[in-house]
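These are the residues of each chain, in order.
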Amino acid sequence: MFDPGKDDVPRSVTSADFLVVLSGFAHNIASSVHALTEDLMELATYHAVRKNKVNAVWEQFTNDLETMED
């Protein structure tokens, strides 16, 4: 950090500094997209498993009704 009590002159901002900031920003965006797609895949898996279980319950319910009618 710059200390006004010292005679040191801080270095100037270079294009490499902007490159570091932009690459950090791109890394954060990529991490966010990765987390989003991972969560969406977990949600899709959960939905598929739930739908299969619900269908199995309805099928069993239908079979039970048919046997009650006979």
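Preceding this section is the structure that the text describes.
Below is a short write-up of the structure. Fair warning: this is a prediction, and the values are worked out from it, not measured in the lab. (Residues numbered from 1 in each chain as written. Predicted model: local features only at pLDDT ≥ 70, side-chain atom pairs only at ≥ 80, totals over all residues. Heavy atoms only, no water.)

**Quick look at the pattern of salt bridges**
Opposite charge on two side chains permits pairing when their charged atoms draw close. For the record, the criterion: Any carboxyl oxygen of Asp or Glu within 4 Å of a side-chain nitrogen of Lys or Arg constitutes a salt bridge here. Working definition: with a 1.4 Å probe on protein chains only, accessible area under 20% of the residue-type maximum means buried, over 50% means exposed, and in between means partly exposed.
Applying the stated criterion to the full structure yields 1 salt bridge. A salt bridge links Arg-11 to Asp-17; its shortest N-O distance comes to 2.9 Å. What makes Asp-17 partly exposed here is its relative accessible area of 24%.

**A few points about the packing of aromatic side chains**
This is how it is decided: Ring pairs are drawn from Phe, Tyr and Trp, using the six-membered ring of Trp, whenever the two centres fall within 6.5 Å, and their geometry is named by plane angle: stacked under 30 degrees, edge-to-face over 60, tilted for the rest. We count a stretch as a helix when DSSP gives it H or I for four or more residues in a row; a strand needs E for two or more, and each element gets its number in order from the N terminus.
Applying the stated rule across the entire model yields 1 aromatic pair. Aromatic pair Trp-58 and Phe-61: ring centres 5.6 Å apart, planes at 85 degrees, arrangement edge-to-face. Of this pair, Trp-58 and Phe-61 both sit in helix H1 (residues 15-69), separated by 3 residues, roughly a single helical turn.

**Regarding the environment of Ala-16**
Inspection of the secondary structure puts Ala-16 in helix H1. A residue is classified by how much of its surface remains accessible, and Ala-16, at 42% relative accessible area, is partly exposed. On a C-alpha basis, the gap between Ala-16 and Glu-38 in space is 33 Å, while along the polypeptide they are 22 residues apart.

**Let's talk about a nonpolar patch on the surface**
Cut-off, in case you're wondering: Within this analysis, patches are made of residues with over 30% relative accessible area and no salt bridge. Like charges are joined at 9 Å or less; nonpolar side chains (Val, Leu, Ile, Met, Phe, Trp, Tyr) at 5 Å or less. Working definition of accessibility: Shrake-Rupley area with a 1.4 Å probe, residue cover restricted to the visible protein chains.
The grouping of Val-54, Trp-58, Phe-61, Leu-65 and Met-68 at the surface amounts to a nonpolar patch, some 530 Å² of accessible area in total. Overall, Trp-58 belongs to the exposed group, its relative accessible area being 52%.

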